[in-house]
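Descriptive analysis of the structure
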Amino acid sequence: MPAEQSTMAPPAVSSPTVSPGAPYRRGNLALLAALPAAWLLPLAAVALDARWVLPPLVLLATASLLRGGRTLLDRLLLATVLLVCLTTAAGLIFAVWPWGMDPVAVSGTALTALLLTAGITGRRPTLPRPAWTDLLPILGTGALLWYLAQPLIRAGELGSRLSILNRGEDYLRHLSLVDVIGRHGGYLFVDPGSVREDLFSALVHYPQGWHLLVALLDGHRIPPGGGSAGTAAVEPFLWWNLATFGLLVLALLWAAQRLPGPLHPLSRGVLTVVVGALILGSQLPRMLLSGYPTETIGLTLTVVLAALVARPLAAPREHFLLLGALLVGIGYTYYLFLPAAGVLVLGALLLRHREVRRLRRSTLVIGLTAALLAPVPILLGVFRANQTESLAATVGPDLTETWLALGGLGAFVVPALLLHAVRIGRADPAWRRWLFVLLVSVALTLAIGQASISLSGQAGYYFNKAGHLTTVLLIVGTAAVVRLLPVPTRGRAVRTVVAACTAVIVAAATVWFGGVTGWQRSLLVVEPDSWAQRWVHQHIDPPTRSAAVCEQVHQRYPAVEGATTLILDRRPSQSYLANICISTLQGTTGQTEAGIYEMVFLEPGRTWQMLHRVPGEIRLVAVTDGARVRVNRILRAVPEMAGRVTVETMIIDDPPS
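Structure report, in brief. (Residues numbered from 1 in each chain as written. Predicted model: local features only at pLDDT ≥ 70, side-chain atom pairs only at ≥ 80, totals over all residues. Heavy atoms only, no water.)

On to helix H18 (residues 360-373), then. An α-helical turn contains 3.6 residues, so a residue and the one three or four places further along point in the same direction. If you check H18, its first and last C-alpha atoms are 20 Å apart, about what 14 residues at 1.5 Å a residue would give, namely 20 Å. All of the buried residues in H18 are Thr363, Ile366 and Ala370. Along the long axis of H18, the arc covered by the buried residues comes to 75°, so they all point the same way. Residues of H18 that are exposed and point more than 90 degrees away from the buried face comprise Arg360, Arg361, Leu364 and Leu372. (Helix = DSSP H or I, 4+ residues; strand = E, 2+ residues; numbered from the N terminus. Expected span 1.5 Å × (residues − 1). Buried < 20%, exposed > 50% of the residue type's maximum accessible area, 1.4 Å probe, protein only. Arc of directions from axis to C-beta.)

In a regular helix each residue adds 1.5 Å, so 12 residues correspond to 16 Å; helix H3 (residues 54-65) covers 17 Å between its end C-alpha atoms and thus fits that length. Within the span of H3, buried status applies to Leu54, Val58, Thr62, Ala63, Ser64 and Leu65.

Right, let's talk about the state of the cysteines for a bit. Using the criterion set out here, one finds one disulfide in the structure. Residue pairing for cysteine 550: its cysteine sulfur links by disulfide to cysteine 581, the two sulfurs lying 2.1 Å apart. Linking cysteine 550 and cysteine 581, the disulfide has an S-S dihedral of approximately -80° and is accordingly described as left-handed. You can see cysteine 550 sitting in helix H25 (residues 545-556) and its partner cysteine 581 sitting in helix H26 (residues 572-586), a full 31 residues away along the chain. (Disulfide = S-S within 2.5 Å.)

Tallying each qualifying case throughout the model produces 14 aromatic pairs. Both rings, one in phenylalanine 200 and one in tyrosine 597, keep their centres 4.0 Å apart while their planes meet at 5°; by these two values the pair is stacked. Separated by 397 residues along the polypeptide, phenylalanine 200 in the loop between helix H9 (170-184) and helix H10 (209-221) and tyrosine 597 in the loop between helix H27 (589-592) and helix H28 (605-613) bring together distant segments of the chain. A relative accessible area of 11% places phenylalanine 200 in the buried class. We classify tyrosine 597 as buried; its relative accessible area is 15%. In this arrangement the basic side chain of lysine 465 is found over the ring face of tyrosine 292, its NZ or CZ atom lying 3.1 Å from the centre. (Phe/Tyr/Trp six-rings, centres within 6.5 Å; stacked < 30°, edge-to-face > 60°. Lys NZ or Arg CZ within 6 Å of the ring centre and 35° of its normal.)

Further remarks concern unusual backbone geometry. Put simply, aspartate 541 and proline 542 share a cis peptide bond, and its omega is 5°. Tracing the chain through its elements places proline 542 in the loop between helix H24 (531-536) and H25. At the junction of glutamate 603 and proline 604, the peptide bond is cis and its omega measures out at 10° in the coordinates. The residue proline 604 is located in the loop between H27 and H28 in this model. Even without glycine at this site, aspartate 49 takes up a positive phi of about 55°. Following the sequence through the fold, aspartate 49 ends up in the loop between helix H2 (21-47) and H3. For aspartate 49, a relative accessible area of 55% corresponds to the exposed category. The backbone of glutamate 598 sits at a positive phi, close to 55°, despite the residue not being glycine.

Right, dumping it as structure tokens:
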């Protein structure tokens, strides 16, 4: 008998030890015992009016089951984007099951799925300890958000908040989408006929992932109601927009510190300052000023996707799951970036072809699911809503700023990336992969630019949007420049002093030339004031005229069933903004569409079109004497129209300057 066998334990039949299947059975029993809690917790939270605790609970539970990333920030950020992406896909279910976006149904289902995942994978909930490396991205994000939150903090009255929304009129359309999705409990393109009277028709097939997410979170903040949220939705909506931009900032800081791998603390500090200064000094804050939350979340998800392509997670199955989920999330939030994201994912799969073959069943399921779900919004937009016509939209000085960002940042970032790729490419392929990421983004930008030129004769609005993607990837790529800076070395005082001085100079120069201080205009924008300064220092007190008119008319003339309420102001542009605002607050954007869009911007022609195009009973609110005289003159000329038109007069003076 071999020696190792002589020390073996007695046979299992005569031993009191537990059988090997016992831990598995205990795990199943624990899982069965925990399943009721997945529903009892949401029920208790709703009963105690504490439904707001459910999203953080689901986030922590998701993060505790992930294994990608080394730090707590890694885990929480990856869990956040995973939940964002899975929620955009779940919106298809919300639209057809009977519970809509009820907090109990949504949270109970999510917690049940997490428990089943834990049972199948055998993972126990665990979170890594916080690391000091998490501190810099969090502090940087907090500082930028505090600065950018100043207009919202100052906007204490409804008129001031409406001024922010009216300045970027797209905000009002996004608010109406959030409102209608919240009332209908899911994606609107699933049943377009049901929202014909509630929503501006051009928005029915617009990518609605971000709006669904905000409506879902709002449903956990306050009990969902049956009617339009009205003025109560304005302030939370503005904060959701700022939070979305904050997530983009955090993703950029996180990706920039993930790309280079291990970094000296001094280099991490410099990189945080450089990335923050470039965010404030570029076009990115324009998304706050003009109201582009869907682009903001699309950029966020694409940046995280690019970071995972450059530095994959150690666990292949989890890595592939995140890549597939991010594809779906990008498709449902801002599908302009979907072609580039698809190429990046294909490149990532080729780089890890051995793991793909080894996990071919999991990869096939994830890949097929993503391939079926991700293109749905873009296919609907192209074939049902003809959204390709938007490629002909023109743009102003922003186009020059896009070239400034691409050229100015590329002149520093690309050579640094090439240098790292040549010097340590074999030891650390992340630099070569980031060059691939940039190449894909530039190709998308140029392709959209060429499509715009062929349709309108110039690179236009969506070329600028694609340029934003390349800009944020170049901002993350500044990690390659910072990686070249000297770092302090123990025992070498001269090198330490040189490294510290170099770090201060680079950080200060970026802040100065990024226009953060206000003493020097940013080199990445055309106007003397940066987009961040224009957002932070915008005049909201007193409110703009369109905001003041909208607020006062809404208070005095609430929506009336069966009648379409429209405002007539002094100038067509003022009437246009006020009508978008009032129809958003009253939830009547479907009714008022014919009297707002695709009309001449000259009077009295616009009023004439308004009266002839809007069917049924019309309630016109004239807020100037000229508007009242104008509409009465038209009604005298066409007396048969007077029976269905009611003219209300409410003279509103311009706010004091």
